[in-house]
Amino acid sequence: MTNADWMGQGSCRTADPDELFVEGAAQNRAKAVCTGCPVRTECLAHALDGRIEYGVWGGMTERERRSLLRRRPDVRSWQKLLETARFDHARSSEEPVTETRAS
């Protein structure tokens, strides 16, 4: 999915940008906009891969993103890592199909 594809689908698309680029306790309100966002993963990957320094992206503040980047300097593509993790999670949460036999 390209930037143009996912950016138009974000929960923040109608939000005032000044509310997403805040400091301190106001960041918690900005992060709440990301809750349940259908493109949260793409947004976070974009911010991590692009080393975006300001604002809340994908539910993480700049401080949280910097911390994550320091902890995982080996990651070359956050987009690939997060998409793979999402796929693996979805696959593992599927209930196994079992056959039932009528007696």
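For every chain, the first residue of the written sequence is number 1, and numbering continues from 1 onward in sequence order. Whole-chain, interface and lining totals are the exception, using all residues; otherwise, since this is a predicted model, local features are given only for residues with pLDDT of at least 70 and side-chain atom pairs are given and counted only at 80 or more. As a rule here, side-chain values cover all heavy atoms of the structure and leave hydrogens and water aside.

Peer 1: Can you help me understand a positive patch on the surface in this one?
Peer 2: Taken together, the side chains of Arg-63, Arg-66, Arg-70 and Arg-71 present a region of like positive charge at the surface. What makes Arg-63 exposed here is its relative accessible area of 64%. Here a patch means residues that are over 30% exposed by relative accessible area and free of salt bridges, tied together within 9 Å if like-charged and within 5 Å if nonpolar (Val, Leu, Ile, Met, Phe, Trp, Tyr). Note on areas: Shrake-Rupley, 1.4 Å probe, and residue coverage restricted to the protein chains presented here. By salt bridge we mean one thing: a side-chain nitrogen of Lys or Arg within 4 Å of a carboxyl oxygen of Asp or Glu. Positive charges are assigned to Lys and Arg, negative charges to Asp and Glu, while His and the chain termini are left out of the count. We put the charge of a Lys on NZ, of an Arg on CZ, of an Asp on CG and of a Glu on CD. Each residue gets one of three labels from its accessible area relative to the maximum for its type: buried under 20%, exposed over 50%, partly exposed in between, using a 1.4 Å probe on protein chains only.

Peer 1: Even after reading the chapter, I still don't get unusual backbone geometry, so can you show me in this structure?
Peer 2: The backbone phi angle of Arg-51 is positive, close to 50°, even though this residue is not glycine. Position of Arg-51 among the secondary structure elements: in the loop between helix H3 (40-49) and helix H4 (62-71). Put simply, DSSP H or I for four residues or longer makes a helix, DSSP E for two residues or longer makes a strand, and each gets a number counted from the N terminus.

Peer 1: Sorry if this is basic, but what is going on with the nonpolar core here?
Peer 2: Soluble globular proteins: nonpolar side chains tend toward being buried together. One finds Leu-44, Ala-45, Leu-48, Met-60, Leu-68, Leu-69, Val-75, Trp-78 and Leu-82 forming the largest nonpolar core, which totals nine residues. At the level of elements, H3, H4 and helix H5 (78-92) are the ones that each hand at least two residues to this core. Counting residues per element, this core draws most heavily on H3, at three residues. Nonpolar cores were defined as sets of buried Ala, Val, Leu, Ile, Met, Phe, Trp, Tyr and Cys residues, with membership established by side-chain atoms within 4.5 Å.

Peer 1: Before we go on, may I ask you to explain the packing of H3 against H4 in this structure?
Peer 2: In contact at an axis separation of 10 Å, H3 and H4 are set at 70° when each is read in the N-to-C sense. Relative to H4, H3 is oriented roughly perpendicular. Where H3 crosses over H4, the handedness of that crossing is right-handed. Contact residues: Leu-44, Ala-47 and Leu-48 in H3; Arg-65, Leu-68 and Leu-69 in H4. Orientation is described by axes fitted as lines to C-alpha atoms, over the contacting stretch for helices, and by angles from 0 to 180 degrees between their N-to-C directions. Our angle categories are set so that under 35 degrees counts as roughly parallel, over 145 as roughly antiparallel, 65 to 115 as roughly perpendicular, and the remainder as oblique. In this scheme the handedness of a crossing depends on how the near helix is turned from the far one: anticlockwise by less than a right angle means left-handed, clockwise means right-handed. The contact definition used throughout considers only heavy atoms, calling two residues in contact when any of these lie within 4.5 Å.

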